[in-house]
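# Structure at a glance
As a plain string of letters, each chain reads:
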Amino acid sequence: MADFSRPSRNRGFYVRMRLLHKQGRQEKSYCFRYFRWVLWLSLSLYFFSSYLITNHPRKLTSIPKVTVSNSKASRALFETVNTTIQQQPRDHQDLFKDLKVYIYDLPSKYNVDWLSNERCSNHLFASEVALHKALLESDVRTFDPWEADFFFVPVYVSCNFSTVNGFPAIGHARPLLLSAIQHISTQLPFWNRSLGADHVFVASHDYGACFHAMEDVARADGIPEFLKKSIILQTFGVKHQHPCQDVENVLIPPYVSPEKVQSTLDSAPANGQRDIWVFFRGKMEVHPKNISGRFYSKAVRTAIWQKYGGNRKFYLKRHRFAGYQSEIVRSVFCLCPLGWAPWSPRLVESVVLGCVPVIIADGIRLPFSEAIRWPAISLTVAEKDVGKLGMILEDVAATNLSTIQKNLWDPENKRALLFNNQVQEGDATWQVLNALSHKLDRSHRRSRQSSNGHATRDVS
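Given the structure is predicted, the values throughout are model-derived calculations rather than measurements.

### Let's talk about the side chain of arginine 445
The topology assignment puts arginine 445 in helix 15 (residues 444-452). Its relative accessible area of 11% is what places arginine 445 among the buried residues. Here the side chain of arginine 445 touches aspartate 149 through a polar contact of 3.0 Å, side chain to side chain. Beyond its immediate chain neighbours, meaning those up to four positions away, arginine 445 contacts Asp98, Lys100, Trp146, Glu147, Ala148 and Asp149.

Here you go:
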């Protein structure tokens, strides 16, 4: 017979297990329902988001998102990003009629070896370096010479600073250029087919393609025979006939560093005050003839010194000063008399620093006259009238000085006279390319296309 007076331990264990099992099933069921709810909600959000993305196009922007705070570092970052975007080079080929320029890769002795002297890329003749550098990065450059309209020959002839006076010697220019031509004519066929009619050189020295600093010698020597069919980019230009421009040429400005100009403008007086009335600093000989027996500046600078050296309104200095741009930016009128040649870097420096250039060089031809309204931003005084400078400038001040100054600050003028590391629309290299786009009748590629279209032209 069974004894019911004592509870059984086994039954208690069984009851507890049944209770635990029932509770576990309830918890499992609850977790499962929770998981299904979360899964359903996630899938709903996913499909809803997909619908929004598909039916609502995203807004595109070319400007990176930048968080701007009050800190200087953040402002600098913001300015740097936006400056970089604004300075992205534009595609200029359409503007230049799909112009294509091939740049010869010459041995380093013709160009980059000269850069060991820092002055080579910074002095007033350095447009030969600046143009080469800008063209290398230009979107008109082609690496296929067969599709080129023009061929740029990068030879630096104005970087031989071996003379006592510190100015570059160019006695080596002719043999160096001839050597470069012999090199390219034996390596590739493009020079020989037209004797260089579609080839471009830079002659940034005093008398351009004559490659001499003294006019009488330059006239006598003339342009080297091997360059007479080519295109010369040169700083020398006059309105009358002259043997040193008796070649297809493009008149370019002398080189002035854009970085140095900007540094000068940044450190200029904040109020823009110009406390110098008439400014000139440079070589001014006391006696008309120098030791060579030649009349420097045709004695114009001597006449200015003799007439106005003691005039307190004329700030005239005969000694060089590396920071003289800081004087230009303080001046109202800047004298730009001829030196050995008619042109001067003062023309560029005066314009870009807001000083009215007073051009004293009879018959001078000025660069990029189609882009720069020279008559509206400068004064021209005949060499014979330098004795009347004071009266002339006083008359201008009483009549139209403010109008000239307003025209002078048009940013297009500054842009057209400066060579940048990369081509910018309207800058000096851009102006050169624009000029070349108007000489496409010299392009062998174009003449061949015309010939195929039953219109022939001999560019040789």
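### Considerations on the state of the cysteines
For the coordinates displayed, the defined rule picks out three disulfides. One disulfide in the model links cysteine 210 with cysteine 244; its S-S distance is 2.2 Å. Disulfide cysteine 210-cysteine 244: torsion about the S-S bond near -110°, hence left-handed. With a gap of 34 residues between them, cysteine 210 in the loop between strand 3 (199-203) and helix 5 (215-221) and cysteine 244 in the loop between strand 4 (231-234) and strand 5 (248-251) connect regions that are remote in the sequence. What makes cysteine 210 buried here is its relative accessible area of 0%. Look at cysteine 244 and you get buried, because its relative accessible area is 0%. Look at the chain and number its bonded cysteines as they come in the sequence; the links are 1-2, 3-4, 5-6. Residue cysteine 336 stays outside any disulfide, its sulfur separated by 6.6 Å from that of cysteine 334, the closest cysteine.

Criteria and cut-off values
Residues numbered from 1 in each chain as written. Predicted model: local features only at pLDDT ≥ 70, side-chain atom pairs only at ≥ 80, totals over all residues. Heavy atoms only, no water. Helix = DSSP H or I, 4+ residues; strand = E, 2+ residues; numbered from the N terminus. Buried < 20%, exposed > 50% of the residue type's maximum accessible area, 1.4 Å probe, protein only. Polar contact = N/O pair within 3.5 Å; in protein donor to acceptor, adjacent residues only side chain to side chain. Contact = heavy atoms within 4.5 Å. Disulfide = S-S within 2.5 Å.

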